[in-house]
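Chain residues, written in single-letter form:
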Amino acid sequence: MHNAFWAFLVSRSKTSKLSNSYSTMNISKSGYRVFSANSTTACTELAKKITERLGVELGKSVVYQESNRETRVDVKESVRGQNIFIIQTIPRDVNTAIMELLVMAYALKTNCAENIIGVIPYFPYSKQCKMRKRGSIVCKLLASMLAKAGLTHIITMDLHQKEIQGFFSFPVDNLRASPFLLQYIQDEIPDYRNAIIVAKSPSAAKRAQSYAERLRLGLAVMHGEAQCSESDMADGRHSPPPLSSGRTTSGHPGLELPYTGRHQAAFPGIELPMMMAKEKPPITVVGDVGGRIAIIVDDIIDDVEDFVAAAEILKERGAYKIYIMATHGLLSAEAPRLIEESAIDEVVVTNTVPHEVQKLQCPKIKTVDVSMILAEAIRRIHNGESMAYLFRNITVDD
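Just so it is clear, the model here is predicted, and its values are computed rather than measured. (Residues numbered from 1 in each chain as written. Predicted model: local features only at pLDDT ≥ 70, side-chain atom pairs only at ≥ 80, totals over all residues. Heavy atoms only, no water.)

1. A short note on helix α5 (residues 178–188)
Of all the positions in α5, only Ser178, Phe180, Leu181, Leu182, Tyr184 and Ile185 are classed as buried. Buried residues belonging to α5 abut α6 (205–215), β13 (293–301), β14 (321–329), β15 (346–350), β16 (365–368) and α10 (371–383). (Buried < 20%, exposed > 50% of the residue type's maximum accessible area, 1.4 Å probe, protein only. Helix = DSSP H or I, 4+ residues; strand = E, 2+ residues; numbered from the N terminus. Contact = heavy atoms within 4.5 Å.)

So this is what it looks like as structure tokens:
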């Protein structure tokens, strides 16, 4: 009996030591890794800058396209029990970038990563965040896809609409690039005190007002831009079908209405008032820009026709220099050539989107590095620290 009791204690002691050793092993190996989900070299530049600031190495993985254009991801190191940050900048091939992010997130989830945080400085499809006619809210679909793939958190920057955060079932940190752009204005624009902040449309007035108040400058708003391409004039014209000139009309299957010789509603008792069509006035500038430096601010600069037209109007009104400040420089299609040939003096964007090719085509394009705030966000999330420091003095309208 005595020997059996001591044997039991010895076996419990060995089990306890093994358990403690296993727990210690898990604790020592817990940490975080930073991966890039891009398959092109140009798109990994931001990821390299972030890891340099963090003092860590970029995670070992291979992302590539097979001959049939399928996306394949191979993670080359263990991620079990770790916080994983996936940095994905969005190049021109948006859909491929999304698939790379989804496949990598799912691969990390399959390999037992503790948390998977997506660092997506420019969130794609953010302009498709409202219902238009018979379209769809694609941004909501993308949010659901990311959650299903395994993401548990997202770090992004200057969402096109702040309400997009409500599309996600997990936390979203929407950082701001305005401190970096404001610093650029103060350091790089000579005589910026003689500048005026311009909103190229009434919808951008809140952002422009925020810049103007922080720089203690005046504000101008442009109104009367080109008519929106979306028109409701033809849509629904034959729904329901027009009434015929016969003795009876059918407004609804099984419902016969007597013909009275005058226009009738499709359904008896329903008379809908006709909505008056919008007619935008000629482009006007509310505010004095004569003899000033005009600084147009926006969140995205993609197709630049509107910016070029705005610059021409500002020049006519007496502005002697024109700058454009935007967070995301997509600069699609012929944007570099149009900027180079326009009255715009300089376009300043951040490196949330790779645009090195566009800079070679147009020396007017300048870049502001925002890797510092992204690296700090990663560090704080991993350490469980408050993110409030990154949002100090940020208001709802910013």
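2. What to know about the packing of aromatic side chains
Here the structure, examined in full by the defined rule, presents three aromatic pairs. On the numbers, 5.4 Å between centres and 75° between planes, the contact of phenylalanine 123 with phenylalanine 168 is edge-to-face. With phenylalanine 123 in the loop between β5 (115–120) and α4 (138–149) and phenylalanine 168 in the loop between β6 (153–157) and β7 (172–175), this residue pair connects regions lying 45 residues apart in the sequence. In terms of burial, phenylalanine 123 and phenylalanine 168 fall into one category: buried. Geometrically, the ring pair formed by phenylalanine 168 and phenylalanine 170 is tilted, given 5.4 Å between the ring centres and 55° between the ring planes. In textbook terms, an aromatic cluster arises when at least three aromatic residues are bridged by ring pairs, as seen for Phe123, Phe168 and Phe170. (Phe/Tyr/Trp six-rings, centres within 6.5 Å; stacked < 30°, edge-to-face > 60°.)

3. With respect to the state of the cysteines
Put plainly, a disulfide is one covalent bond tying together the sulfur atoms of two cysteines. Under the counting rule described, the total for this entry stands at zero disulfides. No disulfide involves cysteine 129; its sulfur sits 6.1 Å from that of cysteine 139, the nearest cysteine. A relative accessible area of 10% places cysteine 129 in the buried class. (Disulfide = S-S within 2.5 Å.)

4. As for the sheet that holds β16
Within the open sheet, the seven strands sit side by side as β12-β9-β8-β13-β14-β15-β16. Their pairing is mixed. Each having just a single partner strand, β12 (284–286) and β16 make up the two edges of the open sheet. The sheet shows a mean angle of 25° between the axes of neighbouring strands, taken without regard to direction. Examined bridge by bridge, β13 and β14 share eight bridges and lie parallel to one another. For isoleucine 300, the partnering residue across the bridge sits in β14 and is histidine 328. Sitting on the sheet, α5 touches β13, β14, β15 and β16, and the angle it makes with β14 is about 155°. (Pairing = 2+ DSSP bridges. Axes fitted to C-alpha atoms, helices over the stretch in contact; angles between N-to-C directions.)

5. Considering helix α2 (residues 45–54)
Every buried residue of α2 is listed here: Leu46, Ala47, Ile50, Thr51 and Leu54. Buried residues of α2, viewed axially, fall in a sector of 130°; they line one side. The elements touched by buried residues of α2 are β1 (32–36), β4 (83–87) and α10. At the C-terminal side of α2, glycine 55 shows a positive phi close to 75°. (Arc of directions from axis to C-beta.)

6. A closer look at the packing of α2 against α10
Packing of α2 against α10 brings their axes to within 9 Å, and their N-to-C directions diverge by 60°. In this view, α2 runs oblique relative to α10, as classed from their interaxial angle. By crossing handedness, the relation of α2 to α10 is classed as right-handed. Of α10, the residues touching α2 (which contributes Leu46, Lys49, Ile50, Arg53 and Leu54) are Ser371, Met372, Leu374, Ala375, Ile378 and Arg379. In the contact of α2 with α10, the residues fall into seven nonpolar, one polar and three charged. (Parallel < 35°, antiparallel > 145°, perpendicular 65-115°, else oblique. Left-handed = near helix turned anticlockwise from the far one by under 90°. Nonpolar A, V, L, I, M, F, W, Y, C, P; charged D, E, K, R; others polar.)

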